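# Examination of the molecular architecture
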Amino acid sequence: GLPRSGVSGRRRSSSHVRRHHVSPRAKHRRGICKDALVASRNHPTTPRIYSPPVLAPAPCRRAPPLLPRPPLRLSDTARPTLAPPPNAVAVAATMPEPDDEGAGQQQQPKAGPALEGLVVGSYCHDVLLRGGRVVGETLGGAAAFVSNVLDAASPPEASFSVVSKVGPDFAYASAPAPARHPPLLCPARPTTSFHARFSDAAASAHAPDRQLRRVHACDPIYPEDLPDRRFAYGLAVGVAGEVLPETLERMIRLCRAVLVDAQALIRAFDAEGDGSGAAVRHVALEGTPYAGLLQRVAFLKASSEEAPYVGVETARRRCCVIVTEGRDGCRLYWDGGEARVAPFPAVQVDPTGAGDSYLAGFAAGLLWGLSATDAALLGNFFGAAAVSQVGVPTFHPKMLQVCALSRHQCSIFLFFRKAPGGRSIKWDAK
Ligand SMILES: Nc1ncnc2c1ncn2[C@@H]1O[C@H](COP(=O)(O)OP(=O)(O)OP(=O)(O)O)[C@@H](O)[C@H]1O
Ligand SMILES: O[C@H]1[C@H](O)[C@@H](O)[C@H](O)[C@@H](O)[C@H]1O
């Protein structure tokens, strides 16, 4: 098998890989239902379409875990980073850091729980408008969508902390995500809020289907707002420029692997004139202070609309770049290769939060020890789930049951059974 990558800090032993290369008949005899995973390990390094695996019969009770426990260790000496290529194993190479030389003099942050994640980005208020009329008001902010998916799909032992800021007007404190992961309160600022104006014309797969305006902005998130301990992984998921460059840098120092949503880096907000808020536009990543941090980031996710501003060809030499393509799924680009990962079909009712949910599904996949391309499939699954509902999606209890069913990695593959060969996702299609 080819090496793989994940939010994991060690190379899989060849004996582990060999263990999975048993003949289909032998697997059947042993009641091991992991054909899909075995097949997915053999990704060629050339670009190709990666389709949802067709699964063998349901796992039997005696089936051993598909993978060993996610091999994440927060090393106190070396700080492992992820090797970007989706088929490459996570390497334990130490990334040189500007202040590593002075590490002896500085007090190092303490390690947190082994699989703990750090999500940084503010919750917000989303107002959806069509034809000038308000058609929905919902909780928004990538942190809300991300928490929702991580709560549902991370391994049970993988907790996470959310650093988010809201004002006293925050209307969704009792919604599941903020209730479980409370934001910091900024008494003197309003909650960040966006107006999303949808056009009545049917949007093409890649054309922007909404015009976003930022109506209010809460305080930025400063480095000192982050907890002073080490994390297994971090998700930088700002929506209104609240993840400052120095905050992202602090995340990189605290977290073994950082996944970044490009929208946190490249959004600019035009001066507010008529009180209708600031139009959201994009700037080239290369011209921002974030560009210099890219080579210390593991994965950078951009939508196809954002991709030209990210500069995929340059960025892929520094980290693994994921470009989400709406109903067409996504592509992964790394230095020397790329892969397309097929989508799950969905009936789109609200595109908001698709990218956020995708990224969280992807991160959850890595936490389960999946390769990046397999994790991307899980990302596609949650992206499709997000567009099928208005606002932060509620997952069908059956799906949550699937999540809770088992503490081993087989459960991830049960998700894929819901859309083998491209059938509808039953639990959320309207
Ligand atoms: N109509 C759709 N059908 C199926 N899957 C979809 C659809 N739209 C989005 N997805 C899934 O969600 C992922 C992210 O979607 P998209 O590329 O639209 O992100 P985005 O533009 O960042 O979304 P948003 O800004 O609305 O959160 C896609 O890669 C895909 O997996
Ligand atoms: O709630 C949404 C969501 O988080 C989107 O990803 C983001 O693009 C919007 O700015 C925000 O209002």
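What you are looking at is a predicted structure, and each value in this text was computed from that prediction instead of being measured. (Residues numbered from 1 in each chain as written. Chains lettered and ligands numbered in written order. Predicted model: local features only at pLDDT ≥ 70, side-chain atom pairs only at ≥ 80, totals over all residues. Heavy atoms only, no water.)

## A word on the site of ligand 2
As a matter of local geometry, ligand 2 sits amid 14 residues, with Asp126, Gly141, Gln263, Arg267 and Asp356 nearest to it. One of the backbone nitrogen or oxygen atoms of Gly141 is found 2.7 Å away from an oxygen atom of ligand 2. Out of a free accessible area of 300 Å², ligand 2 has 97% covered by protein chains. Counting only elements with at least two residues in the shell around ligand 2, the list comes to β6 (124–130), α4 (142–153) and β12 (210–216). (Near = heavy atom within 4 Å. Polar contact = N/O pair within 3.5 Å; in protein donor to acceptor, adjacent residues only side chain to side chain. Areas by Shrake-Rupley, 256 points an atom, 1.4 Å probe, with all protein chains shown as cover. Helix = DSSP H or I, 4+ residues; strand = E, 2+ residues; numbered from the N terminus.)

## Considering the sheet that holds strand β7 (residues 133–140)
In spatial order, the strands read β7-β6-β11-β12-β16-β15; together these six strands make up an open sheet with mixed pairing. The sheet terminates laterally at β7 and β15 (267–269), the two strands that pair on one side only. On average, adjacent strands in this sheet sit at an angle of 30 degrees to one another, irrespective of strand direction. Of the strand pairs in this sheet, β12 and strand β16 (residues 278–282) are connected by two bridges, and their pairing is antiparallel. Note that in β16 the partner of Arg214 across the bridge is Ala278. (Pairing = 2+ DSSP bridges. Axes fitted to C-alpha atoms, helices over the stretch in contact; angles between N-to-C directions.)

## Brief notes about the pattern of salt bridges
One pass over the structure, following the stated rule, counts 13 salt bridges. With a closest N to O distance of 3.8 Å, Arg189 and Asp219 form a salt bridge. Here Arg189 is found in the loop between β10 (184–185) and β11 (193–198), whereas its partner Asp219 is found in the loop between β12 and β13 (229–236), with 30 residues between them in sequence. A salt bridge links Glu325 to Arg331; its shortest N-O distance comes to 3.0 Å. Among the charged side chains, a salt-bridge network with shared partners connects Glu249, Arg253 and Arg296. (Salt bridge = Lys/Arg side-chain N within 4 Å of Asp/Glu carboxyl O.)

## A look at the UniProt feature "domain: Carbohydrate kinase PfkB" (unreviewed entry) in the protein
Using the residue numbers shown here, the UniProt feature "domain: Carbohydrate kinase PfkB" (unreviewed entry) corresponds to residues 321–394. In residues 321–394, helix accounts for 41% and strand for 19%; the two terminal C-alpha atoms are 28 Å from one another. (UniProt positions renumbered as here; feature names shortened; annotations may be inferred.)

## What to know about the site of ligand 1
In the vicinity of ligand 1 lie 20 residues, with Arg210, Thr324, Gly329, Pro351 and Asn380 positioned nearest. Take Ala354: an N or O atom from its main chain is 3.0 Å from an oxygen atom of ligand 1. Contact between ligand 1 and Gly355: an oxygen atom at 3.0 Å from a main-chain N or O atom of the residue. Starting from 630 Å² of accessible surface for ligand 1 in isolation, the protein chains cover 89%. Broken down by element, the shell around ligand 1 gets its largest block of residues, four residues, from helix α11 (residues 372–387). Per-class residue counts for the shell around ligand 1 are six nonpolar, ten polar and four charged. (Nonpolar A, V, L, I, M, F, W, Y, C, P; charged D, E, K, R; others polar.)

## Brief notes about α11
Between its first and last C-alpha atoms α11 spans 22 Å; for 16 residues at 1.5 Å apiece the expected length is 22 Å, and the two agree. Across the 16 residues of α11, 16 count as buried, placing the element largely inside the fold. (Expected span 1.5 Å × (residues − 1). Buried < 20%, exposed > 50% of the residue type's maximum accessible area, 1.4 Å probe, protein only.)

## Some points on the packing of helix α10 (residues 354–367) against α11
Taken N-terminus to C-terminus, the directions of α10 and α11 make an angle of 145 degrees; their axes are 7 Å apart at the nearest point. The interaxial crossing formed by α10 with α11 has right-handed handedness. Along its contact with α10, which presents Ala354, Ser357, Tyr358, Gly361, Phe362, Ala364, Gly365 and Leu366, the element α11 presents Ala372, Ala375, Ala376, Leu378, Gly379, Asn380, Phe382, Gly383, Ala386 and Val387. Across the contact of α10 with α11, the residue classes break down as twelve nonpolar, six polar and no charged. (Left-handed = near helix turned anticlockwise from the far one by under 90°. Contact = heavy atoms within 4.5 Å.)

## Things to note about the packing of aromatic side chains
Under the defined criterion, the tally for this structure stands at seven aromatic pairs. Measuring from centroid to centroid gives 4.9 Å for Phe299 and Phe362, while their planes differ by 75 degrees, and the two rings are edge-to-face. Here Phe299 is found in strand β17 (residues 299–303), whereas its partner Phe362 is found in helix α10, with 63 residues between them in sequence. For the pair Phe299 and Phe362, a shared accessibility class is recorded, and that class is buried. Between Tyr358 and Phe362, the aromatic rings sit 6.3 Å apart at their centres with planes inclined by 10 degrees, giving stacked as the arrangement. Residue Tyr358 and its partner Phe362 are located together in helix α10, separated by four residues, close to a single helical turn. Comparing Tyr358 with Phe362 shows no difference in burial state: the two are buried. An aromatic cluster is built from Phe344, Phe381, Phe382 and Phe395, whose rings are joined through pairwise contacts. (Phe/Tyr/Trp six-rings, centres within 6.5 Å; stacked < 30°, edge-to-face > 60°.)

## Quick look at a nonpolar patch on the surface
Nonpolar side chains collect at one region of the surface, where Val347, Val349 and Val390 lie side by side and expose about 210 Å² of accessible area between them. Summarising the element assignment, Val390 is placed in the loop between α11 and α12 (397–405). Since its relative accessible area comes to 48%, Val390 is described here as partly exposed. (Patch = residues over 30% accessible without salt bridge, like charges linked within 9 Å, V, L, I, M, F, W, Y side chains within 5 Å.)

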